[in-house]
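# Structural description and commentary
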Amino acid sequence: MSSQHAVVVGASLAGLRAAEQLRAAGHAGAITVLGAEQHLPYNRPPLSKEVLAGAEPATPAELAERLAFRRRRSVADVDFRLGDAVVAADLAQQTLRTASGSAVAYDGLVVATGLRPRWLDVPGPVVGRHVLRTVEDCHTLRTALARSGPATVVVVGAGFVGCEVASTLRRLGHEVTVVEPAGRPMERVLGPELAAAVQRHHESHGIRFRLGAGVTGFAGDERVEGVALTTGELLAADHVVEAVGSVCNVGWLAGGPLDLTDGVLTDNALAAVGAERVVAVGDVARFPNPLFDDEPRRVEHWSIPTDTAKRAAATLVALMRGERPDPEPFCPVPSFWSDQLDLRLQSFGSPALADEVAISEGDPDGLVDGVLATYRRDGRLVGRIAVNLTPARQRDLRNDLAALVPA
């Protein structure tokens, strides 16, 4: 076992936690983490909030250093090879190839390559269009806004990232319009009543919404000056932030035996279906969670990198030893938070699976004072969303879901 080489592809939070958990699970051999970015693993959620709002100048490297995760002593000997993305894999031969042409052999493989932002495929200039995923993205947007001063910004997409960016920019004094073709802000997760309440709250702070309209193109010559909508309306825009979802970084696995329909299909123990000694972690892993049902799903929540890394590392160590992975069901309770204006939304479980939503505490017209929404499917609790509730109350809500008997 001490001579076996474990390779983690992806130097994100999921990749870091996977390396830590491989050591915790007893892997004494070499561990190599291969990352496409130049930076050590860093914290991404602040990019759409505190970091975007920061006025002090900083390079991407300085931002990444400021946001870097503390690495445990157990991974002091892990080899982080950064800035050289893996571009191909031969899972039968257990070898990887990087963009620089390097070949890396492994005995056990962790897929932790995560997501990249989706860009709109519409005509028009590209200068003035932004996404927000990396420190480079954040630095580019911060720099552009600093140069332009108070600006008119169109955010395309009213999911959690889009609403966070809109909230941050509005607090900075920019004029912000959010365009969303699918419905109210975050409605797929929040449900119609809570989503409508959040929209009203954001509108009361000056954020405008164009709902039910898609983007057909961008106006302007050398840079974006406007956003053309399916309604025929043309919105003025000095900058556009596109928050229209993500794409799984699995192209390097194409042509192999894995099911890459949506991320990497795994079993409940996070072992990739179709290959030996391969596991997936984080938001690229599509696994069944018996807490809800037996349908494999990807989960893009803050808690998932840590939860999946612990289970996947134990699974991979067992597979490298020729042992059977732990048969105990893996039943994580997904959780995440979102800070928007003076609201903190905390989600537990999988509210998007619900067919019934009820406001069980508070008044949706008074979100600042605290609201709790409860989500059920077929009469069974599947999630809760707390708005401005105390940390102690939030812990109780998470424990309620953790105590559920798997479906």
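Everything numeric in this text was worked out from a predicted model, so none of it was measured.

## A look at the sheet that holds strand β5 (residues 95–98)
Strand order in the open sheet formed by 3 strands is β4-β5-β6, with antiparallel pairing between adjacent strands. Of all the strands in the sheet, the pair left with one neighbour each is β4 (86–90) and β6 (103–105). Direction aside, the axes of adjacent strands within the sheet are offset by 25 degrees on average.

## Concerning the domain arrangement of the protein
When cut into domains, the protein gives domain 1 (6–114 + 249–321), domain 2 (119–243) and domain 3 (342–403). Put simply, the middle of domain 1 and the middle of domain 3, counted by C-alpha atoms, are 30 Å apart. With 6 residues of domain 1 at the contact, the number on the domain 3 side is 8 residues. In this assembly, domain 1 packs against domain 3 so that about 600 Å² is buried in total across both faces, 46% of it on carbon and sulfur atoms. A per-residue breakdown of the area domain 1 buries against domain 3 is headed by Leu 291, Phe 292 and Arg 297, which together make up 72% of the total. A salt bridge links Asp 293 to Arg 377, with the shortest nitrogen-to-oxygen separation between them at 3.0 Å. Taken together, the connections running from domain 1 to domain 3 amount to 3 residue pairs in polar contact (both at pLDDT 80 or more). The residue makeup of the side of domain 1 that touches domain 3, split by class, is 2 nonpolar, 1 polar and 3 charged.

## Notes on the sheet that holds strand β14 (residues 226–229)
Here 3 strands make up an open sheet; going across it, the order is β13-β14-β15 and the pairing antiparallel. With one partner strand each, in any of the chains shown, β13 (215–219) and β15 (234–236) form the two edges of the open sheet. Pairs of neighbouring strands in the sheet enclose a mean axial angle of 25 degrees, with direction left out of account. As paired strands, β13 and β14 are joined by 4 bridges and run antiparallel to one another. By the bridge assignment for β14, Ala 219 is matched with Gly 226.

## Here we look at the UniProt feature "domain: FAD/NAD(P)-binding" (unreviewed entry) in the protein
The positions UniProt marks with the feature "domain: FAD/NAD(P)-binding" (unreviewed entry) are residues 6–300. A distance of 25 Å separates the end C-alpha atoms of residues 6–300, which is 23% helix and 27% strand.

## Re the side chain of Thr 32
Mapped onto the fold, Thr 32 is located in strand β2 (residues 31–35). Of the residues examined, Thr 32 reaches a relative accessible area of 3% and is grouped as buried. Of note is the side chain of Thr 32, whose polar atom sits 2.7 Å from the side chain of His 5. Discounting chain neighbours no more than four positions away, the residues touching Thr 32 are His 5, Ala 6, Val 7, Val 8, Asp 79 and Arg 81.

## Quick notes on the nonpolar core
Counting residues in each nonpolar core, the largest one holds 57 residues, and the members touching the most others are Leu 47, Val 155, Val 178, Leu 190, Leu 194 and Leu 367. Not counting the four nearest positions on each side in its chain, Val 178 is found in contact with Val 155, Gly 157, Ala 158, Ala 166, Ile 207, Arg 208, Phe 209 and Arg 210.

## A few points about the side chain of His 130
When you line up the elements, His 130 lands in strand β9 (residues 129–130). Not counting residues within four places of it along the chain, the set of residues in contact with His 130 comprises Trp 119, Thr 140, Leu 141, Ala 144, His 239, Val 240, Val 241 and Glu 242.

## Remarks on the packing of aromatic side chains
Per the stated rule, a full pass over the model turns up 4 aromatic pairs. Relative to Trp 302, the ring of Phe 69 lies with its centre 6.5 Å away and its plane at 35 degrees, an arrangement referred to as tilted. Of this pair, Phe 69 sits in the loop between α3 (60–67) and β3 (79–82) while Trp 302 sits in the loop between β21 (296–298) and α8 (304–320), and the two are 233 residues apart along the sequence. Its relative accessible area of 15% is what places Phe 69 among the buried residues. A relative accessible area of 33% means that Trp 302 is categorised as partly exposed. Between the aromatic rings of Phe 160 and Phe 336, the centroid separation amounts to 4.9 Å while the plane-to-plane angle is 85 degrees, which identifies the pairing as edge-to-face. Taken together, the positions of Phe 160 in helix α5 (residues 160–171) and Phe 336 in strand β22 (residues 335–340) put the pair 176 residues apart, joining distant regions of the chain.

Definitions and limits used
- Residues numbered from 1 in each chain as written.
- Predicted model: local features only at pLDDT ≥ 70, side-chain atom pairs only at ≥ 80, totals over all residues.
- Heavy atoms only, no water.
- Pairing = 2+ DSSP bridges.
- Helix = DSSP H or I, 4+ residues; strand = E, 2+ residues; numbered from the N terminus.
- Axes fitted to C-alpha atoms, helices over the stretch in contact; angles between N-to-C directions.
- Domains from an automatic or database assignment.
- Contact = heavy atoms within 4.5 Å.
- Buried area = accessible area lost by both parts, 1.4 Å probe.
- Salt bridge = Lys/Arg side-chain N within 4 Å of Asp/Glu carboxyl O.
- Polar contact = N/O pair within 3.5 Å; in protein donor to acceptor, adjacent residues only side chain to side chain.
- Nonpolar A, V, L, I, M, F, W, Y, C, P; charged D, E, K, R; others polar.
- UniProt positions renumbered as here; feature names shortened; annotations may be inferred.
- Buried < 20%, exposed > 50% of the residue type's maximum accessible area, 1.4 Å probe, protein only.
- Core = buried A, V, L, I, M, F, W, Y, C linked by side-chain atoms within 4.5 Å.
- Phe/Tyr/Trp six-rings, centres within 6.5 Å; stacked < 30°, edge-to-face > 60°.

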